[in-house]
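Here are the chains, one letter per residue:
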Amino acid sequence: MSKLKLGIPKGSLEGPTIELFRRAGFTIATSARSYFPAIDDPEIECMLIRAQEMARYVQDGVLDAGLTGKDWILECEAQVEVVADLIYARQSLGKVRWVLAVPDSSPFQSVRDLEGKTIATELVGVTRRYLAARGVRAKVEFSWGATEAKPPELADAIVEVTETGSSLRANKLRIVDTVLESNTQFIANSDAWRDPWKRQKILDLKTLLEGALNALGKVGLMLNVRRENLEAVLEVLPALKKPTVSHLSDPEWLAVNTVLDETTVRSIIPRLKQAGAQGIVEYPLNKVVL
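It should be emphasised that the depicted structure is a prediction, and the values quoted were computed from it without experimental measurement.

1. Observations concerning the overall build of the protein
Move 1: Helix and strand content of the protein: nine helices and 16 strands.
Move 2: Radius of gyration (C-alpha) of the protein: 24 Å, far over the 19 Å computed for a compact globule of 290 residues.
Move 3: Dimensions of the protein, computed from C-alpha atoms along their principal axes, come out at roughly 80 × 55 × 35 Å.
Move 4: By residue count, 44% of the 290 residues in the protein fall in the buried class.
Move 5: Relative to all contacts within the protein whose residues are 6 or more apart in sequence, the contacts with residues 24 or more apart total 69%.
Move 6: Split by element, the accessible area of the protein, about 15100 Å² in all, is 49% carbon and sulfur.
Move 7: For the protein, the distance from the average site of its 37 positive side-chain charges to the average site of its 38 negative ones is 2 Å.

As structure tokens, this is what we get:
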């Protein structure tokens, strides 16, 4: 049987990625002692790899495909096929930012003020290219962790990843500039991408993962309405596209199905009832394939 070797990011993205696969229809079971999680698809073989190394292993063909951050692909300048942008992170469904930050008390106001200074970061290559593009010569040191604690004694500034900025504020740091915006990407090895079976398997995964992401924060709503009240009900509904309206066995009644943002349902259902809707059912969604 053909197998797709798939990399799952170990670390902060591991939990959100496994949950995304669950919503897409796959169960991935990890073990504290194994780097080879079990998945309920006999055509896929999973391996846990740190996001920082994923792109290199996909490029070299150790893995056929994997999920990692755009930041780490750029960091190692990996030659891989980007199959899809999957906008989710450790804490949210948004992108993350790598930012240049300095202590609140620092006199530095722009990147040019860091000429000849020391910057600590895990994203060394991207930071050096960022500085070079702006004509700034500074010492960029690799940080093994606790980067936010290094200014001002161990570094003049840092380049660190943030989703909300709360950790930077807690460490009395302020953002000077955004170095890079990043999100999770589904990537493939070039040879695997040219293989018809593997390419189709990767594309099938793409469809299911994107469908699972599209469904996050949304619910389905179905209801019945008398024909004369249909227009009033449709005026209440903000639909993903247009609601589906179908006939019931009684010609005077219609069924309406639609997809809504979950946060809007609590205010819409009472208005639907007032507009004449009956038999209103709200249900969860795992996938919305556009």
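2. Re the pattern of salt bridges
Move 1: In the structure shown here, the tally under the stated rule is 12 salt bridges.
Move 2: Residues Lys-201 and Asp-41 are paired through a salt bridge, measuring 2.8 Å at the closest nitrogen-oxygen approach. One end of the pair, Lys-201, is in helix α7 (residues 196–215); the other, Asp-41, is in the loop between β3 (34–39) and β4 (44–50), with 160 residues separating them in the sequence.
Move 3: Since its relative accessible area comes to 12%, Lys-201 is described here as buried.
Move 4: Salt bridges here are not isolated pairs; linked through shared partners, they connect Asp-41, Glu-43 and Lys-201.

3. Looking at the sheet that holds strand β1 (residues 4–10)
Move 1: The five strands are arranged β4-β1-β5-β12-β6 in an open sheet whose pairing can be described as mixed. Only two strands of the sheet have a single neighbouring strand rather than two, namely β4 and β6 (81–86). Each strand of the sheet is rotated relative to its neighbour by a mean of 25°, with strand direction disregarded.
Move 2: Here five bridges tie β6 to strand β12 (residues 184–188), and the two strands are oriented antiparallel to one another. Directly across from Leu-86, in β12, lies its bridge partner Thr-184.
Move 3: Across the sheet, helix α1 (residues 14–24) touches β1, β4 and β5 (65–69), and the angle it forms with β1 is around 135°.

4. Details of unusual backbone geometry
Move 1: Of note, the amide linkage connecting Pro-151 to Pro-152 takes the cis form, showing an omega dihedral of 0°.
Move 2: In the Ramachandran plot, Ala-146 falls in the positive-phi region, its phi being about 50° despite a non-glycine side chain.
Move 3: Judged by relative accessible area, Ala-146 falls into the exposed class, the value being 61%.

5. As for the packing of aromatic side chains
Move 1: Going through the model one piece at a time under the given rule, you end up with three aromatic pairs.
Move 2: Judged by centre distance (4.7 Å) and plane angle (85°), the ring pair of Phe-142 and Trp-144 falls under edge-to-face.
Move 3: Over the ring of Tyr-57 we find Arg-56; its NZ or CZ atom is 4.8 Å from the centre of that ring.

6. Quick notes on the layout of surface pockets
Move 1: The space that makes up the second largest pocket amounts to roughly 240 Å³.
Move 2: Contributing to the lining of the second largest pocket are 13 residues, with Gln-52, Trp-72, Glu-75, Glu-122 and Phe-142 lying nearest its centre.
Move 3: Ranked by the residues each element gives to the lining of the second largest pocket, the list is headed by helix α2 (residues 51–59), at three residues.
Move 4: Looking at the lining of the second largest pocket residue by residue, the class counts come to five nonpolar, three polar and five charged.

7. Brief notes about α1
Move 1: Of the residues making up α1, those classed as buried are Glu-14, Thr-17, Ile-18, Leu-20, Phe-21, Arg-23 and Ala-24.
Move 2: Close packing links the buried residues of α1 with β1, β2 (28–31), β4, β5 and α7.
Move 3: Of the residues one or two after α1, Gly-25 is the one with positive phi, at around 110°.

8. Focus: the packing of α1 against α7
Move 1: Interhelical geometry of α1 versus α7 gives an angle of 100° and a closest axis separation of 8 Å. Classified by the angle their axes make, α1 and α7 are roughly perpendicular. When α1 is examined against α7, the residues Leu-20, Phe-21, Arg-23 and Ala-24 are found in contact with a partner set consisting of Leu-205, Leu-208, Leu-209, Ala-212, Leu-213 and Ala-215.

9. Overview of the sheet that holds strand β16 (residues 277–284)
Move 1: Taken in spatial order, the four strands of this open sheet run β14-β15-β13-β16, and their pairing is antiparallel. Single-partner strands in this sheet number two, and they are β14 (244–247) and β16. Pairs of neighbouring strands in the sheet enclose a mean axial angle of 20°, with direction left out of account.
Move 2: For strand β13 (residues 218–226) and β16, the ladder comprises six bridges, and the chain directions are antiparallel. If you follow Val-219 over to β16, its bridge partner there is Pro-284.

Reading guide: rules and limits
All residue numbers refer to positions counted from 1 along the written sequence of the respective chain. Owing to the predicted nature of the model, reporting of local features is limited to residues with pLDDT of at least 70; listing and counting of side-chain atom pairs is limited to 80 or more, with chain, interface and lining totals taken over all residues. To get the side-chain values, take all heavy atoms of the structure and skip hydrogens and water. Starting at the N terminus, helices and strands are each numbered in turn, a helix being any DSSP run of H or I of at least four residues and a strand any DSSP run of E of at least two. For the radius of gyration, the atoms used are the C-alpha atoms, and the globule rule reads 2.2 Å times the number of residues raised to 0.38. Note on classification: 1.4 Å probe, protein chains only; a residue is buried when its accessible area is under 20% of the maximum for its type, exposed when over 50%, partly exposed between these limits. Whether two residues are in contact is decided by their heavy atoms: any pair within 4.5 Å suffices. Values of accessible area rely on a 1.4 Å probe in the Shrake-Rupley scheme; residue burial ignores everything except the protein chains shown. Charged residues are defined narrowly, with Lys and Arg counted positive, Asp and Glu counted negative, and His plus the chain ends left uncounted. In plain terms, the charge of a residue is placed at NZ if it is Lys, CZ if Arg, CG if Asp and CD if Glu. Salt bridges are counted wherever a side-chain nitrogen of Lys or Arg sits within 4 Å of a carboxyl oxygen of Asp or Glu. Only strands joined by at least two bridges in the DSSP assignment are considered to pair. Axis geometry follows a simple rule: fit a line to the C-alpha atoms, using only the stretch in contact for helices, then measure angles between N-to-C directions, giving values from 0 to 180 degrees. Pairing of aromatic rings covers Phe, Tyr and Trp, the last counted by its six-membered ring, and requires centre-to-centre distances within 6.5 Å; plane angles under 30 degrees mean stacked, over 60 mean edge-to-face, and any other angle means tilted. A positively charged side chain is recorded as over a ring if its NZ (Lys) or CZ (Arg) lies within 6 Å of the ring centre. The angle to the ring normal must also be within 35 degrees. Using a 1 Å grid laid over the protein atoms alone, points where a 1.4 Å probe fits but cannot get out form a cavity; open sets with protein on both sides within 12 Å along at least 5 of 7 lines form a pocket; any residue with an atom within 4 Å of a point counts as lining. Grid points are joined across faces, edges and corners, and a volume is the space filled by probe spheres set on the points. Note on residue categories: nonpolar means Ala, Val, Leu, Ile, Met, Phe, Trp, Tyr, Cys or Pro, charged means Asp, Glu, Lys or Arg, and polar means any other residue, Gly included. By definition in this entry, angles of less than 35 degrees are roughly parallel, angles greater than 145 are roughly antiparallel, angles of 65 to 115 are roughly perpendicular, and the rest are oblique.

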